[in-house]
Structure formats: C-alpha cells, structure tokens
2 protein chains.
Amino acid sequence: MHQSGQPLFPLEAWRIREVGFSPAQNLLNETLFTVGNGYIGLRGGQDEGFFGAAGSSLDATFLNGFYDTESIHYPETAYGLAKTNQFMLNVPNAKRIRLWLDGESVDVLQGALHDYERVLDFQTGLMTRTLKWTSKTGQQVQIDSTRVVSLAHKHVFAVQYTVTALGFSGELVLESVLDGAVKNLAAGDDPRVGSHVSAPPLILQDTVQSGSYSALVHQTRNTGFGLVSAMDNQFSHSANRAVEASHAQQGESVAARFSTTLQAGESVTLTKFGAYFTSRDAAQSELLGLSQAALCEAVRNGFAALCAAQKTFLDKFWQQANVTIEGDDALCQGIHFNQFHLLQSMGRDGKTNISAKGVTGEGYEGHYFWDTEIYVFPFFLATQPDVARQLLRYRYNGLAAARNRAREMSHAKGALYPWRTIAGDECSAYFPAGTAQYHINADVAYSIKQYVEMTGDVAFLAEAGAEILMETARIWLGIGAYDAQDAARFCIFEVTGPDEYTAMVSNNFYTNAMAQMHLAYAAKVARQLQNDAPADFARVAAAMDLDVAEIDAWARAADCMYLAYDERLQIHPQDDGFLSKPVWDFAHTPAENYPLLLNYHPLVIYRHQVCKQADVVLALMLRGDQFTLDDKRRDFDYYEPITTHDSSLSACIFGIVASEIGYHERAYDFFMQTARMDIDNMHGNTQYGVHTAAMAGSWLGVVAGFAGMRLYDGALQFAPTLPARWTRYAFHVMVRGQRLSVTVEAGKVTYALHGDQALRLMHGAQEVLLGAHQCVAVLAMPL
Amino acid sequence: MHQSGQPLFPLEAWRIREVGFSPAQNLLNETLFTVGNGYIGLRGGQDEGFFGAAGSSLDATFLNGFYDTESIHYPETAYGLAKTNQFMLNVPNAKRIRLWLDGESVDVLQGALHDYERVLDFQTGLMTRTLKWTSKTGQQVQIDSTRVVSLAHKHVFAVQYTVTALGFSGELVLESVLDGAVKNLAAGDDPRVGSHVSAPPLILQDTVQSGSYSALVHQTRNTGFGLVSAMDNQFSHSANRAVEASHAQQGESVAARFSTTLQAGESVTLTKFGAYFTSRDAAQSELLGLSQAALCEAVRNGFAALCAAQKTFLDKFWQQANVTIEGDDALCQGIHFNQFHLLQSMGRDGKTNISAKGVTGEGYEGHYFWDTEIYVFPFFLATQPDVARQLLRYRYNGLAAARNRAREMSHAKGALYPWRTIAGDECSAYFPAGTAQYHINADVAYSIKQYVEMTGDVAFLAEAGAEILMETARIWLGIGAYDAQDAARFCIFEVTGPDEYTAMVSNNFYTNAMAQMHLAYAAKVARQLQNDAPADFARVAAAMDLDVAEIDAWARAADCMYLAYDERLQIHPQDDGFLSKPVWDFAHTPAENYPLLLNYHPLVIYRHQVCKQADVVLALMLRGDQFTLDDKRRDFDYYEPITTHDSSLSACIFGIVASEIGYHERAYDFFMQTARMDIDNMHGNTQYGVHTAAMAGSWLGVVAGFAGMRLYDGALQFAPTLPARWTRYAFHVMVRGQRLSVTVEAGKVTYALHGDQALRLMHGAQEVLLGAHQCVAVLAMPL
C-alpha cells in the first residue's frame, strides 16, 4: 500500500498505470515497471534517467545468472565455510537516451511535465510512456516511448522513442547512450540486502562503433567472463530534414548522436535495439559477432515485429496461466502483476533459475534459493511445464558442484545442494541459516516428484531425475542416524528448518517429513529404474558408484523416520527442544521491533518459541496426505500465534492451510497479504526488488488454497471453496500435456479438459473422470 | 617435545638453558625465553635480532592490555553481533642492540659462534646469554648479556650488554636501538591465531632525544591511546678509552650510538634501561615525564639493584608458589617454567588480566577468556591472593561494559560478561562458540565464591563482589525459564558449554550446574548483605535497581535447576540432545585430521557425540560435592573416550577427575600431557605463544589432582595420593592469609601451617584441626 493507504495505480486487471509522474515513488516504480524476459532485466527507469537525491534511483540492468565472485572473509573462520560469493552484476545501461531542445537538456525533473502517463501492460508485455514537456522558455514537445524486452529472443530488447514538436521549433539533439559507468549498489547493514563489493567487477576491454552499431566489451574481474553490451540505432524524421549522425564516446560510455531541426507538428523517432551476450552462453570470441547478428536481424524485422512476437508469446502464456477473479480488479491486477513478473524473472535456459528478487534488484545478490522449488516451481509446473523442466535441468547441471560441496562437508558419497547460489556453489556466509538448511535436498526431490507425476514425463527420471534423487538422498544417511538411544528411530541432527528463527536443531519436523518423502521416493525410483530400464540404472549407478544395498537403507530410514508428536498438546513439535522453550513475549514487543531479526540477537530469537515463517505448517501442506484435518487444525492453532510472518514466504502457506482446515476468513486475510504484496509495497522494501516467492505464493493461494489443488503420489485433487467476497474465479493447470480449466462459482465447480486423454481427479471426496476432448464436469461445491 | 623426541633443554629444576644456538628453534625459543612482568612482555629474541627466513622470528614486545580496535565485518551480519574487535599491539622494540667490530656487523647468523649458552632462570628472573663470536677475519669477542623485566616496577626493563675483546683489537661501534618499525603478525586461516589488521595501528607522533634519554611517542589509530616507549643508555669502557656518543634516527627508529676502540682483554658495557607508559595508565600529557622519572630512578639505583629487587620479589613468590616433585627434575622444570610464565603474564593492576597466550604471542589477539577464572585464578588464589583479588577487580571494572552487552542482548537488567575481550567489550566474532558461552557469568561468580571462602575477605563482597554476583545472576532468569512442558524444571536454553564441539543447545550440563551454584550463592550473599550490612545492601541494590523479589527468584531457580540424568546409561547428558546423536567415528579418523576443528565443518562436528574438552567432567570437578564417586566414574568412563582433547584446557581436568576416582595411571598420563606442554611444544604451536590455561592446569594437576584439594562452601579438603613414579612432592597454599605447606610421601602426608590462626581441614574422610603457629600434622595417606 502506498504511504497514503491508497493504491499507487488505478485498479485495472491487466496493467499498472502511473498517472502523473511521482518523483517520490521513483525508486519503487523502477522496480514495479521493470521489463524483463527471464534473462535481461531492465529496471523501470525513465528513458532520460532520473537525477534526484542520492538513493532515489537505481536504474540498473541485470542479466540473470551473470555474475562475478568475491572472496568471503570471516572475522573468525572455520573449516568448510563457503569461501567464495557469487553476485549478480549491474551491467551497462543500454536503454538510456539523452535529449536536448535548443541546447536545453530534457529530463523529468527539469522544465514542466504535463499529461505524463506510463503503463506496463501484462498482455502486450510493453512498457509505454507518454508525456508533454515544456522548456523554461516555453517550448513544448510530446515524447512517446515504448520499451520491450523480447520474451521470444533471449538476448534482445528495444526502445522506440518519438519526439513530436508541439509549440516547439528549433534544434534537437538526441543521444542514444550505452552507459558502462554502472556499479553495484553498496549495501548497508540489513542482512537481507547483500554484501559489499571491494573493486569494480566489470573491466572495460574495448569499445566498438561501426555504422549504426555500438558495443562495449567487458570482462569480469574474478570470473573472467566476457560481456558484450550492444545497440543499434535507427533515426527517422517525419519531414525528412537533414540529420547529422555521429558517434560520441565519454569515459566508459558510448553514444550515437543525432542532430536535426524540428518544426511544430513534426516528429523524430529513435528506434534502438539492444543486445547482451556473455561467455556463459558462448565462446568469448563469438560474442561481438552474435550481438551484431542478433541486432541485424532485429533491425531487419523491425520494432513492430518484435512487439507482435511479444504478444504472441504472452497470448500463449496467459492462455495457460490466467487467473480470473470475477469482479475484483484489484486482485486480478495483483495476481496478473505477480504472474507477469514471475515470467519476466524466470530463467528458461537450464543454466539459470529465478532469484529471490528476480531481475528487478540486487537484494540477496541474485541468488537462487529453495524458493524456486517450493514456491515458484508449482506455478510453472501447472502453467508452463517446459519451464519447470528447465528448472530441474538447472539442478541437474548443478550436480557436480553439489557433489563437491558434499565432500567439503565430509560426506564420502552424495550431493548437497547449496543454500544460496548462482552457478551451483554454496554462497551462504552464515551457515546456521544457510548450509544447515539441508532440507534444500528434499525440496529439489519434491519438485522432481511433482514434475514427474504432473507431466507424466517419466523419461526425465532416467535422463536426470533419478541421479539427482539418489545422490541427494544419500546425504540423509550422512547427517541422520538411528537414535543412539532408540534404534528404531531414524533421526536427523543439527539442521535448520525453513523457520530461520530457530537454528541447528535435531529432528526439525519439516526436514524429517520431507526427507522421509525423499528417501522413499528415491528408493522407489531406483527400484523402478532397476526393473524397467536396467541399462539406464546401470549407467546412473556406475556414475554415482552406487551400492544397491544403499537403496534398502533409504527405504528403511524412510520407514523409521522420526516424526515427533507431542501427546500432551497433540501437535507436531517443530524440533526436539522447541516445546520446552518459553514463548516469545509478543505482548511486550512493540510493532517497530518487527522484523525481529533486525532488532534482536540471533540467540535471543533462537531461545524462544517464535517462528519467522511456516515450518511444521509447510510440511502439513506439502505432505498433507500424511495428516488428518484435526492434526492440521491443532498444528495451525499452535503455530500461527507464534509466527511473526517476518518472512515474505510465510503468509501464503498459512493461508493455504487455513483454507484446507476451514478457516476461510483467515485464509482470505493471508491471501490478501500476498496477492498485492509488491504492487502495494506492503513489506516496504519492494523498491529494492520484488519478492518472487511471495508472488508465486499468491497463485498458490488461489489454486492450492481456495481451490485446494494437491497432487499426492500422482493423484490430482481439488477441494474448492469460494471466498465470501467473490462471485467466481477461474484458472488453468496443465496436466500430462492437457489444459484443465477450473471455474468455481457459488454452489458449483466446472472442470473443463482441453486434450485427448481422459483425466481422473478427486473433487473433495468425489472421484471424477473427465473424458477426452473438451469434456466438462459441472459439480456441486464439495462439503 | 623437540622433533627429535628429546627435550630441548637440560633437565634442570629452576631454569631452561639453551646450550649452543639452534636457529631452527628460534621462533619457539623466542616464546620460551620471553621475559615479562605481567605488563611488559619481551619475546626472547637475540639481542642483535635474528635475520633468518620469513617466519623464523617474531621479536615482539607486548604490553598487556594495550590495544587498538578494528571494526568486525561479517559477510552476512545480524543484529547484536560484536561490532568492534580489540587486539593487543606489538609495540616498539626497545631492547634491540646493534654491534659492529671494525665495521663488520655482529649477529648470530653471521661469523662463527662458539660457547653459546642462554639461560632463563626462574629464581632470579633474569635471562642471561653468553657467547663467543669470531669475525670473518678471525677476530674474536665474548658477549655477555642479561635481560630483566622488573617484577617490582611495572613499567621498567633493562639489558646489560658487555663485549669483551678476546683476540680482537680495533674499532667497536654499538647502537642501542628503539625500533618503532614493528607491526602485528598477519594471521593465516587458523581460527586460533587471530584476525587481520587493515592499517598500521600505531602512528608515530614524535621522537625525543635528550642526553642519555630517547623516546618514541605513538598514538593508536582507532582507540587514540598514547604510548611512550623510552630508553636510557649508559656506556662504559673498562680501559676508559674515548667514546664518541651520538644519536641516530632512521625511519621510525631512534638509536644511541657509541664508537670506541677496544684492545684484547678490554671490555665495554652498555646498560640500557627501558620503559613503557600508555594513556591507559595516565594522562597522555604525563607519559613522557613518567618515563623520564622512571628511567632516571632506575639509572640512579643501577642495574644490580633492579636484579636484586627481582630476586626479592621472586623469593617471596616461590616461597608461596613452589611445587617440588622430588627426584623428577623434568617435572619440576616443567611446573616451575609454567608457574614462572604465569607470573610473567598475569596483569596485577586491576585493569589487566591474563591473555590466552600471556605476553608471549599474538594468538587470540591478547584476549582474556574464562581461562582466567577456571584455570589460572585458582593458582593465584592459592599462592598470591592479592593477585587473585586484582583479577576480581578487573571483572568489577568491566561491569559497565557487561551491563551494556546485556542490553544489546535484550536483557532489561543484569550484566553479561564478554566471551573474549581486553577492555571489557565483547570481541567474539563467532557467536555460536562465543557469546553463546553464557557460562562465563557463572565462571566469574565461581571465582568470587572461591576467593571469599579461601581468603575470608568478606569485605570484598560489599565492595564489589555482591554487585557482580547479583548483576550476572540476573542473566540466568533472562536466558532460562521454567520448562514450558514441566513447570518444576528450570531450564537454560540456547547456550554453548565449554565443549566447543557442540553448540547452541538447551540444558548444557556444565552451564546448568554452574548457574545453579551462581544463583544460590548470589541469593545467599544478597540475603547476608541485607542482614549484616543493610547500608551496603541498599547502596548496591540502588545501583542495580534491584527488586528484592528477584532474590527469591534466584533461589527458586537454583532449587529447580534442571540437571539431567540418563537412567539408562546412569550418566549426566551433556545437553538435551547429546545422547541421541551418533558417536564420532574415531576408528576411521586419521591422526592428521586432529584437531577436528581444522578438518571438519562445524556442523559435521556438532552433529556427533564428540567433545573438544571437559564439559560434564569439569562440572564434576568444580561442583564435586554434588556428585557421588560412582557418578563421577560413570561420567568419566562415558565422556573420556569421546573427547579429543583438541583444546589445551582439557587434559588437566580429565587428569584431576581421574585422580579423584582412582584412575591413577590415567591421571598421571593426563598430568604428563600438561606439565611440559609448552616446554616440549607438545601442541606444536608454542612458537606463537604459551598456553597459559594449560600451564595453570599443571599446577592444578598436582594440587587438585594428586593432592585432591577442594574448597566446597568454605570447607577445605585434601585427598592426597602419591603417583607411583614419585617418592615425595610438596606445595603450599595460602588459606585466610596463612601459608599451609603440604608434603606427600609414601604412606604419609604432612600439613604444616605457618600462621597464627587454627585451621580445620578434611584429610580424606578425616577431620583435622591444625593449631596456630607452625603446627604440623603428620597423617597416614587416606584410603
């Protein structure tokens, strides 16, 4: 919510629209108006830049997965701590434009601005801006610009920029800039923002200017990656007046400069295509050539074609992803905004993933976390299964690094995924809430299981999935053991669960529950592969030096997994010691002391019953078939009052479980905390980037929450409810290559299957068989 | 042990003697031959310096408690982490001498060396060196030098340096150097050594040269402390030949230069007095004047007087401190060496303490730890009670900082002592094995209780002790609580005990046992003061805003303190989760993987039953009256095999408890690991400084171990045993101002009391009353 308590933008389902320029909201709007394609991210800076007070703008450009490294220095070090950080780079700004009218520089903080409007449209994928600008001498022009980062062409973006003379007659100079004088934001003490960078990570190697093409060639300081940032500029005059074109170079920037004259009613248009290529995708020697070819093709096809391809791409996306909440434009806007940003942030090449702040900010340094598997993956799995597969390929590509990390952690066998990383190496510099979160292995395993069961793509198991599952399952035998005091009980020691307000405990409930699923599934997949595809099994077993006795050990550990239950409270303790600790004194904690992590020493937090986020409750959702509704209700009742939701990952999960146990008002409240979290800047830090996991959580809130979708061991189920304030909502999910559309209205639920294979699902307690080809079942709301 | 397995020095009870110069042992010998007085520490460098390979010398000078600060940078920070480190400085080297014979520089690595011998004598407190040196042209001189750091005069040291011409005739030039070009050792990755310093911490402000006096004036970079390093040089010629004296200055050093000629049989002598004063002791403007006055007085009294005062001081020290083990010069040498170094390292001014490596090295950055209270304090309490009192004054002076730290840790009341510090502020940069060691508060309380009961100095309670006890007791109510599942059980959550191979646990046995003692004693002292000295009580209560109901709360928490007992194993679990964890796989851990902390990630260590050092076993010793011998035997049997003794604090404690439970051979083995730990460099790192806690542990091994001395609630007891290899041993302890001498021989124990008050003690199960005035009791060895 804006500080005034009012939404920042009109409540329109398919776009955000800034009506009148708000300098005070500039930093926030730069985040919200980001355009990206999962690789390139252009924060929504003004075309001409914004030259306000320090900290009022971060007009950055990010390339997902493009990083430099720095050594991690610990003031008191220990063996095996992560040694090298990877951080996403702010790369040269290729979208910048400078404009002078009769020598007077045009920017949004100078002169007089009228009729300013900026739109980010989720259906066209374009950011458009229009404004009228009057100089100090009273001359007036209109500026219209459109910015697009191509969803169809990973490396390409474009800006079309038109200046129309209204009351103006005179000289116009326009520079299209490729600005290499960029740097990463220095971070403060907030542990959620990131660490310091000691020296500029990008070193300029060369500048190239040839015809309409310009490029900067950089190398990263420590990783030695090459980067080409390039642009091509086409300039036209409506009256075909003489244009003097030249190149300019200043410091680390290059520009194409166009000078001409303009009379009232005439206009000039710059069409600027930009491209980024790095040596993470191609040989360093090829980068310049690749950028020239990509820009050449873009110029030949033209700006309109790029926009048309964008629309085609998005039409297909929305056909599968669209969530409709009838009559509530605010919620539709919030959810569409979230879905659009997820698409913009998600790497789709198997080498990249989705960072905690997407490509909108440097927070968490562009690192990927478990957020992907547990929060974002389900959205893509249900709407863009090909993207989900690429996310699993990303983990498969990270297996070598995960094996190395396991060795550093003294595991003779197996693979341990990093808590936070870009390229696969552990980058967590605070291991109690980093490396100790071993549940990352189970989270990845869970996503594989869901993927295979939702898509039916069992071939993925032989290709990559089985190897991941088995290598990562081994770690549970490394960190767990049969209780030295009770040999029938498999325990997992010294881990941190999702709740980071408790650290380094034994038998964290979430970890044990997920490890149980992981071990059992790994054993099942191993045995299936052994039976069904012995050659594949032999290949994988050889690659990982598998002793087949290990498979039985996994199954046995799963069978004996200790899932504690407190008989007195009839709840699941979060860990072995949790329930003995005193409950946090919420009554005497002033509102300004939240989030607790910014106001209390970790030991103070750790020694209390207080949760940052869903932990047991998340296990209730992911492994919901293992628990009764009464279990879930009691656990929810116990943990909800002691959870601060200081993590943006929390509210959506509590909302989903609240739906399931019939706490409909609470569910709705939680949903409302996520649906518009970023668009209303509810956590007060969206100016530094969006919260991708919470964005996905809002989709989960509808589909897994109100509609109750679950996939348990391949069985798809729904248990739809209709929030009291709504009349109708609808969404789609892709199941085994077919689109299933679900519409929930008062008293009835409609399932429409678009495909040629029958589908069996549970509607509440009722089994439903949808025949092939547009079969529709209209059912009464389940009890 | 030397690498050859042979001792480095002849086995002489009262000295170490280097016979023949050993360049390979230079760094180690610099530690062993350190001379100090608890304030100044001069590492035992050669007078002329040692110019071998990099890392072969650290000819440093330390002033106990003189430090600079640096910001602690965490790669991932959190609220309340220690922000500023304090580190002991290497100050200007004022002992250095340079000598040229006919222009040829004399040092121990040039020319030919004969008849080299160096002695550090524990009775005279002098380091003396003699050698003959032959130049490349065959000219020979003898050099005799004596170095003393005055135990009687805190700020003063002296060197007497005589050059006698043997075959030599010619020109002699001698420079007495005050070398300011010193710096702290850059540290490597070993977490036990220390952290990096970014910029030179000492900034030269001025140089002063006047007559025989020279000084360097420095200021510390961040703390802004002033430092004056000064010297006075007296030069004499046996034949009264002409001497040309001048001052020299080069870079950051100054020197007094003496040129003369020497004929065979003649000699020259430099008598150099040095002094250090800092603004931690006096106003900055007074430092130069203080150094001039101190040196003037030293010169007037002369070198011999300084040595005589040293002998007088040490005679008194040894009268009370001497431990004799008849017929075992190796052990006598080891223990005397340890005692002498403890004296040399111990601050006696109430503003300083004893650092982990004394004044012999930079390891642990000159920080003070709990080592003082639990290991070193008992030695001084029993032999130099005035020094023990000063150690408690040190803690009293740190109470303000401890109150501040408690506030940072969200305690509204109370004081939390720092885990490691110089001036009182928390300097621990790894809180799981730092700030989490809350037992420091109980350790301080324990030392106060022992002090009062051993000395009878109850006035100390009203003066300082009660305030410390009560302020620090409050923290237990802050971090502990009645079990949320069992209201009769007071638990302490999220602490780390002495065993640093386990971290952040609930109900660490040592912590709970010591907190119980602390709470009960604080309540008892509070009530006594309230009754006996209401005015004092009122003053202290007002100073700490005490609610008298708090006193009852302390007593109740002590009564209800949870001291877990495992019925199945009949042992005390180290913490709530300890016994469920798997035991470390010692069988498959190669010898080179110890110490574990240098070869395994903390999480790997933490998740196993493996101890770095005594934890439960230490509680058995300190609170021994609370446990039966059978308890102790079972706990010892359980914990000893899973303890690596990777900490130098471990072996002595296990040895003491082994003695008590009748494991005499084991006790002897443990004792042998501490008695000569540094003199034989058994941990391989004495070159970087001695291990002061282990040194004190060797004294404890005799007195608390073999002789079984304990002081439980004021009752002194002995239970002497005689190791099979010994015929007789003897020691003294100071009890209520009187010296008690204890001699143990085959079959009999002699207690001799030097004082005028009767003393009651327990000899095994037998109560003994020693009358006043040299009363001697000769008793049979207890069963």
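Read on for an overview of the structure. None of these values were measured; they are calculated from a predicted model.

## Some words on the pattern of salt bridges
- On inspection of all chains with the given rule, the structure shows 96 salt bridges over all chains.
- Linking B:R17 and B:E12 is a salt bridge whose minimum nitrogen-to-oxygen distance equals 2.8 Å. This pair shows no difference in class: B:R17 is buried, exactly as B:E12 is.
- Connected via shared salt-bridge partners are A:R403, A:K413, A:E467, A:E471, A:R474 and A:E550.

## Considering the sheet that holds strand β5 (residues 84-90) of chain B
All names here are of chain B.
- The strand order across the open sheet formed by four strands is β2-β3-β4-β5, and the pairing between neighbours is antiparallel. With partners counted over all chains shown, the strands left at the sheet margins are β2 (35-36) and β5, one partner each.
- Where β2 meets strand β3 (residues 40-42), two bridges bridge the pair, whose relative direction is antiparallel. Residue pairing for β3: V35 is matched across the bridge by L42.

## Observations regarding the packing of helix α8 (residues 439-455) of chain B against helix α10 (residues 509-532) of chain B
Residues and elements named next belong to chain B.
- Orientation of α8 relative to α10, taken along the N-to-C sense of each, is 50°, at an axis distance of 9 Å. What the angle tells us is that α8 and α10 run oblique. Remark: the crossing between α8 and α10 carries left-handed chirality. Residue-level inspection shows H439, N441, A442, D443, A445, Y446, I448, K449, V452 and E453 of α8 in contact with α10, the latter providing Y510, T511, M514, A515, M517, H518 and Y521.
- Each residue belonging to the contact of α8 with α10 can be placed in one class, and the counts come to 10 nonpolar, four polar and three charged.

## Structural notes on the interface of chain A and chain B
- Listed per partner, the contact involves 54 residues of chain A and 54 residues of chain B.
- With both sides pooled, the region where chain A packs onto chain B buries about 4,600 Å², and carbon together with sulfur makes up 60% of that total.
- Three residues stand out in chain A for area buried against chain B, namely A:E76, A:H601 and A:R607, and they jointly supply 15% of the buried area on that side.
- Counting across the chain A and chain B interface gives four salt bridges.

## Remarks on the layout of surface pockets
- Of the pockets and cavities examined, the second largest pocket occupies roughly 980 Å³.
- Forming the boundary of the second largest pocket are 44 residues, of which A:D576, A:G577, B:D576, B:G577 and B:S580 lie nearest the centre.
- Broken down by secondary-structure element, the contributors of at least two residues to the lining of the second largest pocket are β21 (486-492) of chain A together with β21 (486-492) of chain B.
- Among the elements that make up the lining of the second largest pocket, the one with the highest residue count is β21(A) (three residues).
- By residue class, the composition of the lining of the second largest pocket is 19 nonpolar, 10 polar and 15 charged.

## Some details on the nonpolar core
- Counting 479 residues, the largest nonpolar core has A:L740 and B:L740 as the members making the most contacts within it.
- Sequence-distant contacts of B:L740, defined by excluding residues within four places in its chain, comprise B:L716, B:F718, B:F731, B:H732, B:V733, B:V735, B:Y751, B:A752, B:L753, B:L759, B:L761 and B:L770.

## Looking at the relation of the copies chain A and chain B
- At an RMSD of 0.1 Å, chain A and chain B line up after a rotation of 180° and a shift of 0.0 Å along the axis. Here the symmetry operator amounts to a two-fold rotation axis. Among all residues of chain A, the minimum C-alpha distance to the rotation axis is found for A:Y74, at 3.1 Å.
- A high fraction, 100%, of the interface residues of chain A reappear at the interface in chain B, so the copies pair face to face through one surface.

## A word on the pairing of strand β28 (residues 766-770) of chain B
Residue and element names in this part refer to chain B.
- Judged from the five bridges that link them, strand β27 (residues 759-763) and β28 form a sheet pairing that is antiparallel. Bridged to M762 within β28 is E767.
- Counted between consecutive antiparallel strands, the loop separating β27 from β28 contains two residues, among which G764 sits at a positive phi close to 60°.

## A few points about the pairing of strand β23 (residues 715-718) of chain B
Residue and element names in this part refer to chain B.
- Of the two faces of β23, only one is covered, namely that formed by L716 and F718; the face formed by A715 and Q717 stays uncovered.
- The sheet contact formed by strand β22 (residues 710-712) and β23 spans three bridges and is antiparallel. Bridged to R710 within β23 is Q717.
- Remark: two residues form the turn of the hairpin made by β22 and β23, two consecutive strands paired antiparallel; D713 in that turn has positive phi of roughly 45°.

## Quick look at the sheet that holds strand β8 (residues 112-121) of chain B
All names here are of chain B.
- Spatially, β1-β8-β9-β10-β11-β18-β15-β14-β13 is the arrangement adopted by the nine strands of the open sheet, whose pairing is antiparallel. Bordering the open sheet on either side are β1 (15-19) and β13 (202-210), each of which pairs with just one other strand. Each strand axis lies, on average, 15° off the axis of its neighbour in the sheet, ignoring direction.
- Pairing geometry for strand β14 (residues 213-220) and strand β15 (residues 226-237), over seven bridges, is antiparallel. Across the sheet, the residue bridging to S214 is M231, located in β15.
- Against the sheet, helix α2 (residues 287-301) contacts β11 (156-165), β13, β14, β15 and β18 (267-278), and its axis sits at roughly 25° relative to β15.

## Overview of the packing of aromatic side chains
Residues and elements named next belong to chain B.
- All chains considered together, the criterion is met by 77 aromatic pairs over all chains.
- On the basis of an interplanar angle of 80° and a centroid distance of 5.6 Å, the ring pair of Y364 and F369 is categorised as edge-to-face.
- Above the face of the F33 ring, R118 is positioned so that its terminal group lies 4.2 Å from the ring centre.
- Taking the ring centre of Y521 as reference, the NZ or CZ of K449 above it sits at 5.6 Å.

## Here we look at the state of the cysteines
Residues and elements named next belong to chain A.
- As enumerated under the stated definition, the model contains zero disulfides over all chains in all.
- C560 carries a free sulfur, and the closest cysteine sulfur to it, the one in C491, is 10 Å from it.
- Distance from the sulfur of C652, which forms no disulfide, to the nearest cysteine sulfur (C611) is 15 Å.
- Classification of C652 as buried rests on a relative accessible area of 3%.

## Looking at the environment of B:S150
All names here are of chain B.
- Along the chain, the position of S150 falls in the loop between β10 (140-149) and β11.
- Note on S150: relative accessible area 0%, which makes it buried.
- Through-space distance from the C-alpha of S150 to that of K311 is 9.9 Å; in sequence the pair is 161 residues apart.
- Residues in contact with S150, not counting those within four places in the same chain, are N37, V156, F157, L306 and Q310.
- Within the local environment of S150, its side chain forms a polar contact with the backbone nitrogen of H153, the two atoms lying 2.8 Å apart.

Calculation rules
Residues numbered from 1 in each chain as written. Chains lettered and ligands numbered in written order. Predicted model: local features only at pLDDT ≥ 70, side-chain atom pairs only at ≥ 80, totals over all residues. Heavy atoms only, no water. Salt bridge = Lys/Arg side-chain N within 4 Å of Asp/Glu carboxyl O. Buried < 20%, exposed > 50% of the residue type's maximum accessible area, 1.4 Å probe, protein only. Pairing = 2+ DSSP bridges. Helix = DSSP H or I, 4+ residues; strand = E, 2+ residues; numbered from the N terminus. Axes fitted to C-alpha atoms, helices over the stretch in contact; angles between N-to-C directions. Parallel < 35°, antiparallel > 145°, perpendicular 65-115°, else oblique. Left-handed = near helix turned anticlockwise from the far one by under 90°. Contact = heavy atoms within 4.5 Å. Nonpolar A, V, L, I, M, F, W, Y, C, P; charged D, E, K, R; others polar. Buried area = accessible area lost by both parts, 1.4 Å probe. 1 Å grid on protein atoms, 1.4 Å probe; cavity = no way out; pocket = protein on both sides within 12 Å on 5 of 7 lines; lining within 4 Å. Points joined across faces, edges and corners; volume = space filled by probe spheres on them. Core = buried A, V, L, I, M, F, W, Y, C linked by side-chain atoms within 4.5 Å. Least-squares fit on C-alpha atoms with pLDDT ≥ 70 in both. Phe/Tyr/Trp six-rings, centres within 6.5 Å; stacked < 30°, edge-to-face > 60°. Lys NZ or Arg CZ within 6 Å of the ring centre and 35° of its normal. Disulfide = S-S within 2.5 Å. Polar contact = N/O pair within 3.5 Å; in protein donor to acceptor, adjacent residues only side chain to side chain.

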